[in-house]
Amino acid sequence: MDYLISVATIAGIYIIMALSFYMPFMTGQISLGQAGFMAIGAYVSAICTVKWGIPYVPAVLLGGIFAGIVGLILGLPALRIKGIYLLLLTLGFGEIVRVVAINLKYTGAAEGFPGIPYQKYTLLYAYGMVLILIIFFSRLRRSRMGRAFQAVGSDEDAAEIIGVNIVSAKLLAFSVGAFMAGIGGGIFAHYQEYVEPLMFDIMHAIEFLIFTIFGGIQIFWGPIFGALALTFIPEFLRAIQEWRMELYGALLIVMMIIRPQGVIGLDTVRALDRLFRNALGKEWA
Amino acid sequence: MILQQLINGLMLGATYSLVAIGYTLIFGVLGLLHFAHGEVLMAGAFMGLYIIMWSGLPLYIALPLAMVATGVLGIIIDVLAIRPLKKDFHLAPLLSTIGVTIILQNLAVKLFGGYGTRFPEAIETVNYKVGPLLISSTNILILGVSLFLMVVLYFFITKTKVGKAMRTVAESHTTAGLLGVNVDWIVLLTFGIASALAGTAGVMIGIVFHAITPFIGLTFALKGLVVMLIGGLGNVVGAMIGGLILGMAEVFSIVLLPTEINLQDIFSFGIMIIILIFKPTGLFGTRVTQG
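(A) Geometry of the overall build of chain A. When helices and strands are counted, chain A shows 13 helices and zero strands. Along chain A, helices (α) and strands (β) appear in the sequence α-α-α-α-α-α-α-α-α-α-α-α-α when read from the amino end. Its C-alpha atoms put chain A at 55 × 50 × 40 Å along the principal axes. When burial is assessed residue by residue, chain A has 56% of its 285 residues classed as buried. Here the analysis covers contacts within chain A between residues at least 6 apart in sequence; of these, 77% occur between residues at least 24 apart. As presented, chain A carries roughly 12400 Å² of accessible surface, and 68% of it is formed by carbon and sulfur atoms. Averaging the positions of the 19 positive and the 17 negative side-chain charges in chain A gives two centres separated by 10 Å.

(B) Just the nonpolar core, in detail. Judged by nonpolar contacts, the single largest core of 190 residues is most densely connected at Phe37(A), Phe137(A), Phe200(A), Leu209(A) and Leu33(B). Counting residues per element, this core draws most heavily on helix H8 (residues 183–209) of chain B, at 14 residues. Dropping the residues within four chain positions of it, Phe37(A) is found in contact with Ala67(A), Val70(A), Gly71(A), Leu74(A), Phe93(A), Phe174(A), Ala178(A), Ala181(A) and Gly182(A).

(C) Up close: the interface of chain A and chain B. Each partner contributes to the interface: chain A provides 38 residues, whereas chain B provides 44 residues. When the buried area of chain A at its contact with chain B is split by residue, Tyr85(A), Leu88(A) and Met256(A) rank highest and sum to 16% of it. At the junction of chain A with chain B, the criterion picks out one salt bridge. A salt bridge links Glu246(A) to Lys110(B), with the nearest nitrogen and oxygen atoms 2.9 Å apart. Along the contact surface separating chain A from chain B lie one residue pair in polar contact (both at pLDDT 80 or more). Secondary-structure elements contributing two or more residues to the side of chain A that touches chain B are helix H4 (84–103), helix H9 (202–215) and helix H12 (244–258) of chain A. At 13 residues, the largest contribution of residues to the side of chain A that touches chain B is made by H4(A). Per-class residue counts for the side of chain A that touches chain B are 31 nonpolar, three polar and four charged.

(D) Up close: the side chain of Thr101(B). Within the fold, Thr101(B) resides in helix H4 (residues 92–112). In this view, Thr101(B) contacts Met203(A), Phe35(B), Ala36(B) and Glu39(B); residues no more than four positions away in its chain are not counted.

(E) Layout of the confidence of the model for chain B. For chain B, the average pLDDT comes to 84, and 94% of its residues sit at 70 or higher. Both scores are available for the predicted complex, with the pTM at 0.84 and the ipTM at 0.81.

(F) Up close: helix H10 (residues 236–256) of chain B. Across its 21 residues, H10(B) extends 30 Å between first and last C-alpha, which sits within 8% of the 30 Å expected from 1.5 Å per residue. For H10(B), the N-terminal cap is Asn235(B); the gap from its side-chain oxygen to the backbone nitrogen of Val237(B) is 3.3 Å.

(G) Molecular detail of the environment of Leu189(B). All names here are of chain B. Position of Leu 189 among the secondary structure elements: in helix H8. Residues Leu 189 and Gly 74 lie 115 residues apart in sequence; the distance between their C-alpha atoms is 9.3 Å. If near-sequence neighbours (up to four positions away) are discounted, Leu 189 is found in contact with Phe 156, Val 162 and Met 166.

What counts and what doesn't
- Numbers given for residues are sequential positions, taken from 1 along each chain in its written order.
- Chain A is the first chain written and ligand 1 is the first ligand written, with later ones labelled in order.
- Reporting of local features is limited, given that this is a predicted model, to residues whose pLDDT is at least 70; pairs of side-chain atoms are given and counted only at 80 or more, and all residues count toward the totals for whole chains, interfaces and linings.
- Derived side-chain values reflect all non-hydrogen atoms in the structure, with water molecules and hydrogen atoms excluded from consideration.
- For helices the rule is a DSSP run of H or I covering at least 4 residues; for strands it is a run of E covering at least 2, with both sets numbered from the N terminus onward.
- Each residue gets one of three labels from its accessible area relative to the maximum for its type: buried under 20%, exposed over 50%, partly exposed in between, using a 1.4 Å probe on protein chains only.
- By definition, residues are in contact when any of their heavy atoms lie within 4.5 Å.
- Per-residue accessibility takes into account occlusion by the displayed protein chains alone, with areas from the Shrake-Rupley method and a 1.4 Å probe.
- Counting rule for charge: Lys and Arg are taken as positive, Asp and Glu as negative, and neither His nor the chain ends is counted.
- One atom stands in for each charge, and that atom is NZ of Lys, CZ of Arg, CG of Asp or CD of Glu.
- Residues belong to a common nonpolar core when they are buried Ala, Val, Leu, Ile, Met, Phe, Trp, Tyr or Cys residues joined through side-chain atoms within 4.5 Å.
- The term buried area denotes the loss of accessible surface (1.4 Å probe radius) that occurs when two parts are joined, taken as the sum for both partners.
- The salt bridge definition used is simple: a Lys or Arg side-chain nitrogen within 4 Å of an Asp or Glu carboxyl oxygen.
- A 3.5 Å cut-off defines polar contacts: any pair of N or O atoms within that distance qualifies, except that in protein one atom must be a possible hydrogen donor and the other a possible acceptor, and neighbouring residues in sequence count only when both atoms are side-chain atoms.
- For this classification, Asp, Glu, Lys and Arg are treated as charged, while Ala, Val, Leu, Ile, Met, Phe, Trp, Tyr, Cys and Pro are nonpolar and the rest, including Gly, are polar.
- A score from 0 to 100, pLDDT tells how confident the predictor is in each residue.
- Under the convention used throughout, the expected extent of a helix is 1.5 Å for every residue step, that is, one less than its residue count.

Structure follows, in structure tokens:
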């Protein structure tokens, strides 16, 4: 049971991370810096609790806010550039965060930052955050801003012509995504009880990308499904566990060939919706 | 002292150039950031290592063999992971090559272990004293081979018929197809050449550092990307010069900046971010001289 809970907790944190990747992705921005933002959230919140004695919830929030501010600063130049330039910028950013963490004596440098207070109810906090994000994303989808995000994501020029402020849309999406990653990092740090720079390398940023791309990129249920499926399935199939990363890679290629929109697409959501309506009768609608 | 560092910088830079040329060739022809290029380099280094170890062939035969093997690997990647993709999702090729990166790196860790593998003594190290300078045979070999390959590539792209076809494909796939260029074949060839150059760089890295790990791919991929940005995306000559610039800048940053913290890693990313912010087209412009 303990084991199941620990897997579920990690899955919850990964859902937050996958959604943090999905947020800027909605506006067409691919960020490979999410592990970097996660590191910022983890380190800042750990400094808050360990060095300054700030309680858990405000510490994690501070970590998120700090990551969000860094995201805002990084997002400013990111606006001028797009496509692979942005990918490279976020890649470089992620590496810089890691190198800074390796050299920062204040947080234990390469040996890691030990003695972070353990949060017993991490599972509840993680899924509480996931619930908040689900509500946020489902409201966002129907809101003015959310539609603007989708417009920017599908065609930037067209969105600008119909009057969407693409600068604020992209910047907002980028820094909110960074904020989410920071929160995820804070929760992660207080569950692991210690953090080290190796936990936030580029391969982890790519892992969050895979969760999202595998799960689906048309609607926020995709990243949630992707993070859950790709965390739980390898845990229970030991044979897969050893070859997990190779399978992720192959999965990514195969998905791109047969179903680039991911497992959960808009069509899946509509089909499920219809299924529910039929099963529950007219009252459901 | 400064001249000595200049030679070290040029040597380092020449390997960066070879990596960056591969990136920039593929970017020019396909508009694709070939994310797995660094892993191709790593695979090339290991293939070179095993060719030298098992066959005991001298370097001047082993190196071309490793180049061919890495070139074939690049072609396989194109056939399996790039060509079958549908055209309607523009991020698909990039994500697919990220998949290739993960597979190659993790397979390499399983095959060769996560620690360094000793690279065999491929050439006898002889030090020549030229005035105050100390030039080793390794230096000469690496600079010589890289410059030779770059010159050959330059003339191949600018002067030969196939090279011209490559530049046409870089301009527009449709137009090139209409003009009778076999686009698929050119893309395949580009992957082959780019990967062979990466393989060369991989073997050279093995010779210089005496050991290789499955993780050298990412390090040199990032350097190669920085160089490609300095030179401008798709600009082959820019990549050649950019590599030498970064190599020298790095060597001098080690000499001039305080050494107690690991600055040279941040240094190249710092350059990258500054270029991205202020001059995203690179110092030499994108596609100004597509050759």
